4 protein chains.
Amino acid sequence: MKLKVRSDLLFDFPAGTEAIVSVQAAASPDQKIISESLTITPNARIVQDKADERGERRFRAAFSGETRIVYEAVIDNGLRISIPPDVPQRAWCDLPQEALLYLTSSRYCPSDKFVAFANREFGAIANGGARVRAVLDWIHEHVDYVPGVSNSETTAERTFVDRAGVCRDFSHLGITLCRALNIPARAVSAYAFQLDPPDFHAVFEVYLGGGWWLVDPTRLAPIDGLVRVGIGRDAADIAFLTTNGPCRSIEQSVVVEQAVDAMAA
Amino acid sequence: MKLKVRSDLLFDFPAGTEAIVSVQAAASPDQKIISESLTITPNARIVQDKADERGERRFRAAFSGETRIVYEAVIDNGLRISIPPDVPQRAWCDLPQEALLYLTSSRYCPSDKFVAFANREFGAIANGGARVRAVLDWIHEHVDYVPGVSNSETTAERTFVDRAGVCRDFSHLGITLCRALNIPARAVSAYAFQLDPPDFHAVFEVYLGGGWWLVDPTRLAPIDGLVRVGIGRDAADIAFLTTNGPCRSIEQSVVVEQAVDAMAA
Amino acid sequence: MKLKVRSDLLFDFPAGTEAIVSVQAAASPDQKIISESLTITPNARIVQDKADERGERRFRAAFSGETRIVYEAVIDNGLRISIPPDVPQRAWCDLPQEALLYLTSSRYCPSDKFVAFANREFGAIANGGARVRAVLDWIHEHVDYVPGVSNSETTAERTFVDRAGVCRDFSHLGITLCRALNIPARAVSAYAFQLDPPDFHAVFEVYLGGGWWLVDPTRLAPIDGLVRVGIGRDAADIAFLTTNGPCRSIEQSVVVEQAVDAMAA
Amino acid sequence: MKLKVRSDLLFDFPAGTEAIVSVQAAASPDQKIISESLTITPNARIVQDKADERGERRFRAAFSGETRIVYEAVIDNGLRISIPPDVPQRAWCDLPQEALLYLTSSRYCPSDKFVAFANREFGAIANGGARVRAVLDWIHEHVDYVPGVSNSETTAERTFVDRAGVCRDFSHLGITLCRALNIPARAVSAYAFQLDPPDFHAVFEVYLGGGWWLVDPTRLAPIDGLVRVGIGRDAADIAFLTTNGPCRSIEQSVVVEQAVDAMAA
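Here the structure is a predicted model, which means the values were calculated and not measured.

With that settled, consider the relation of the copies chain B and chain A. Turning chain B through 180° and shifting it by 0.0 Å along the axis lays it on chain A, with an RMSD of 0.0 Å. Look at the turn and shift together and you get a two-fold axis relating the two. Minimal C-alpha separation from the rotation axis in chain B is found for R107(B), amounting to 1.9 Å. Mapped onto chain A, 100% of the interface residues of chain B again fall at the interface, so both copies present the same surface.

Have a look at this one:
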């Protein structure tokens, strides 16, 4: 699908606030950036970080006062497909080096605590895609999407007890269970088509076969309606805005639409 | 100082245990590897990961049964010096991209919770080297080195309450306080000269001025008696051995000696 | 001081909600209930629990729909005085049996974790009233009164790290530090004169010499401006309303005034 | 069953250690103390607390140096029966006042977090005895008895994730789930017939119909092989020994045998 995304953030920053911003579409093989623009008002000097091996692109800046950050892009992610049941889980020795970081526990994803549960619940299912899909089915069946029950400190352990949360919590639980099964899993922030209400979305991806597969444990957006942005161990790594002190959000909007193909006209 | 290090690990692994091993000296500019050897008995195919931008070198293997892993090296870390009080803290925009990861909270280092305390306690001290040294002094004065009070789940928050811990806990608390002050800080595993009893050591490093500075909050080893091994966000990233299931340690020893310089004879 | 208190709670309860309500002044020797009334609209059958050995008086009822609970009382607490510095700490064997429950950790007051800190910080001060006053001074100096940083799950451990909280958090930290020093300490909910904005207040009391001494670690209300209501291990025990399911607060007000003495007219 | 119990504790106490000891059989209607003796060597002055409304009997003392505490008793608990499926859950207004304390969360039993799970899993089962038995069945099916995975800080939340623990953990999880279903539940320490290896045991009891019913979620001892000792909100309240500082256990044994009835000879 060809998608047109637009995020518009208006913040009030105390003078000299340092910020890391993650709103740009990732440079990953499963999505092609056709066009994009980044507009900061008033103009500010930014440091554009290069896409790292994960494809994430962030920029840094020092902001003072009311500042608007608008990112627009047209993306083609037409090659992305759902994870096939038979794509195999890889031995650690066969993983690319960059995947190793996503095998073990992180702040919101204490996978070491879930080894017993994960093996008891999913151990009988063929490893690989089928097992990941079983994890997703389990979450869908046992966890309710309920805004307001969780906060920025909620871990997968807590969501497993609460049986409720939002996209971030669903992803943390999915990542945690996959890592407990020795499957590399990492958090992904995304623009999502048809998400209601529109907002930044949190999904995750697993390494199976020869690559990373994107999954959405909330089932709120179609897999080819997702545009990757940030990638990290868990939500702590993929905030759209990280600052060195408090700041105030004035307004924030995200729009994701199917791009009209001018060429087809 | 020129150091000769040797680690000797004997483990019993269930058949087909997958492992990531981090015992090799890091490839970092402040230490020179003069010679080294890695011996695994019985012989096993290993995947040697390349040193990443942090300098960490790890290898992967699948082990079965009793396995001995011996690493020996001669290292010259003569260029390493203690952090000067006047080396300045950098603005986020002036940090190298690789340092950004070490600005924010991680599993054992919830620095976001310590912003109020850190600013209250250290805010009046000139930023940069002097402030980091004040953090180290505070830890030295308020936390006791007590084996047995902490475990693999102990966070810096808990150590701050307990006022006691071991090298790993001291480092987590130091990292946490530095990040709360917006100073990039990361965990380092090390071989340490004169550590008693000899063992792997956990220290940390901060990014100030134009580079990473190694510090030992326990004051148990001289700064030029340290050989870096693993580097990561916190202890979760720098275990000398990570496996995909339980295994049994049979024997483990670490020896660090001053290297006799044959040329001088 | 003679005080006139009034609490007025308006809630919307799903049909058949079971509730425990703690709004009545406690029957304790340091305050005399001159007059009081409890009005529930619409009328509901209540089970009035008798004052237990702690003096707390609660009632139970099943509520349906919009319900108003109004409690009014005139109280004379003129005999209450601040804790003298020289009132001694008692040996466990010399405590009344009812005080034992308040020696050890509870949900929000994990005093076992604070033994090292408490002894390091307060161990040199003469035990008894002086030591408790030193605890109160420490809290006053190191913790800021900041609404919004804590929630219903915040423990004393977290407040000790955050260095900020509200009356409930201040009390939890005070209770925790006193218990860590082997002084019985328990939470008290109260009506408080001159509290701004007016609301239920959380304070605590310690057992020293031959009785319980009330203290307010927030210093927001004069000690003779407090009317005790509930008493328990920590805030979990002294909620003004506990229900067996969710309900909705519509309106809530607390008024505490100096009582005009008709006799003086 | 008529049982003969004996506990023998040998501790080394620093001079003047204050202690609360809970080893005596409780004075509860479902067990009759036929004979008993308490021997402390060397002799020490003790303060014998009276059985409170919960039936728990504890004593206090100050100990110095090596001290042996031996308790022996013959108990008839022949009237105790397993909880019938049809004994009904009571409305809060119909509970005895002393049961209210056991409706809400405590340190190791955060029942407020389990409301969603408990209702999802057990809500369809008839309330009362049948529902409590379903909770016990669930624990039996989903949690493994594994010494060593838990410690003195393990909460029911953690055990729910770990799916493993010992008697104390099983009881905490059972108490938590019952309270989440609005059933009063409290921890009980016990001597247990046929427990292997012999030790103090942790079980719990629920208030249904007109009384407290004892249950053993581990299924390690027959219900009429249990002798109640301490009673409290959770394990924090029922330790057999609580001291005001560290002490050292030298030796500890518990023996529970069927009492030979002399009359039958």
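Attention now moves to the interface of chain B and chain A. Reports of interface size often rely on the accessible area that becomes lost once the parts have come together. Taken together, the contact pairs 35 residues of chain B with 35 residues of chain A. On the chain B side of the interface with chain A, the three residues burying the most area are W92(B), C93(B) and R107(B), jointly 25% of the side's total. Our enumeration of links across chain B and chain A arrives at 4 salt bridges. Residues D237(A) and R233(B) are paired through a salt bridge, measuring 2.8 Å at the closest nitrogen-oxygen approach.

So, about the interface of chain C and chain D. Counting residues at the interface gives 35 residues for chain C and 35 residues for chain D. Counting each side, the surface lost to burial between chain C and chain D is near 3000 Å², with a carbon and sulfur contribution of 50%. Among the residues chain C hides against chain D, the three largest losses belong to W92(C), C93(C) and R107(C). Together they make up 25% of the total. Applying the counting criterion to the chain C and chain D interface returns 4 salt bridges. For R107(D), the salt bridge identified is with D112(C), shortest N-O distance 3.1 Å. Here chain C and chain D share 15 residue pairs in polar contact (both at pLDDT 80 or more) between them. Elements supplying a minimum of two residues to the side of chain C that touches chain D: β1 (2–21), β4 (59–76) and β11 (241–243) of chain C. Grouping the constituent residues of the side of chain C that touches chain D by class yields 13 nonpolar, 8 polar and 14 charged.

All right, on to the pairing of strand β8 (residues 201–208) of chain A then. On a regular strand, each side chain points to the face opposite its neighbour's, so the side chains alternate between the two faces of the sheet. Residue and element names in this part refer to chain A. Across the 8 residues of β8, 8 count as buried, placing the element largely inside the fold. Here β8 shows two buried faces, one formed by H201, V203, E205 and Y207 and the other by A202, F204, V206 and L208. Bridge count for β8 against strand β9 (residues 211–215) is 5 bridges, and the pairing is antiparallel. Directly across from F204, in β9, lies its bridge partner V215. Two successive antiparallel strands, β8 and β9, enclose a turn made up of 2 residues, where G209 displays a positive phi of approximately 55°.

Residues and elements named next belong to chain D. Ordered in space as β9-β8-β7-β10, the 4 strands form an open sheet in which the pairing is antiparallel. This sheet does not close on itself; its edge strands, each paired only once, are β9 (211–215) and β10 (226–232). Taking each pair of neighbouring strands and ignoring which way they run, the sheet shows an average axis angle of 40°. Against the sheet, helix α4 (residues 167–180) contacts β7 (185–192) and β8 (201–208), and its axis sits at roughly 15° relative to β8.

On to the environment of W212(A), then. Residue and element names in this part refer to chain A. Relative to the elements of secondary structure, W212 occurs in strand β9. Residues W212 and A164 lie 48 residues apart in sequence; the distance between their C-alpha atoms is 27 Å. If near-sequence neighbours (up to four positions away) are discounted, W212 is found in contact with E98, A99, Y102, P184, A185, R186, E205, V206, Y207 and R228. Among the polar contacts made by the side chain of W212, one reaches the side chain of E98 at a distance of 3.3 Å.

Applying the stated criterion to the full structure yields 54 aromatic pairs over all chains. Consider the rings of F11(B) and F13(B), whose centres lie 5.7 Å apart with planes at 20°: the pair is stacked. The burial state of F11(B) is the same as that of F13(B); both residues are buried. Aromatic pair Y207(D) and W212(D): ring centres 5.3 Å apart, planes at 85°, arrangement edge-to-face. Here Y207(D) and W212(D) have matching classes, each one buried.

Moving on to the confidence of the model for chain A. With 98% of its residues at a pLDDT of 70 or more, chain A has an overall mean of 94. In the predicted complex, the global pTM is 0.95; the interface-specific ipTM is 0.94.

Here the focus is the pattern of salt bridges. Going through the model one piece at a time under the given rule, you end up with 80 salt bridges over all chains. Among the salt bridges present, the one from R186(C) reaches E205(C), with a minimum N-O distance of 2.7 Å. In this pair, R186(C) is assigned in strand β7 (residues 185–192) and E205(C) in strand β8 (residues 201–208), connecting sequence segments 19 residues apart. Each member of the pair, R186(C) as well as E205(C), is classed as buried. What you see here is one network of salt bridges that share partners, running through D30(A), R80(A), E98(A), R186(A), E205(A) and R228(A).

Parameters at a glance
- Residues numbered from 1 in each chain as written.
- Chains lettered and ligands numbered in written order.
- Predicted model: local features only at pLDDT ≥ 70, side-chain atom pairs only at ≥ 80, totals over all residues.
- Heavy atoms only, no water.
- Least-squares fit on C-alpha atoms with pLDDT ≥ 70 in both.
- Contact = heavy atoms within 4.5 Å.
- Buried area = accessible area lost by both parts, 1.4 Å probe.
- Salt bridge = Lys/Arg side-chain N within 4 Å of Asp/Glu carboxyl O.
- Polar contact = N/O pair within 3.5 Å; in protein donor to acceptor, adjacent residues only side chain to side chain.
- Helix = DSSP H or I, 4+ residues; strand = E, 2+ residues; numbered from the N terminus.
- Nonpolar A, V, L, I, M, F, W, Y, C, P; charged D, E, K, R; others polar.
- Buried < 20%, exposed > 50% of the residue type's maximum accessible area, 1.4 Å probe, protein only.
- Pairing = 2+ DSSP bridges.
- Axes fitted to C-alpha atoms, helices over the stretch in contact; angles between N-to-C directions.
- Phe/Tyr/Trp six-rings, centres within 6.5 Å; stacked < 30°, edge-to-face > 60°.
- pLDDT = per-residue confidence, 0-100.

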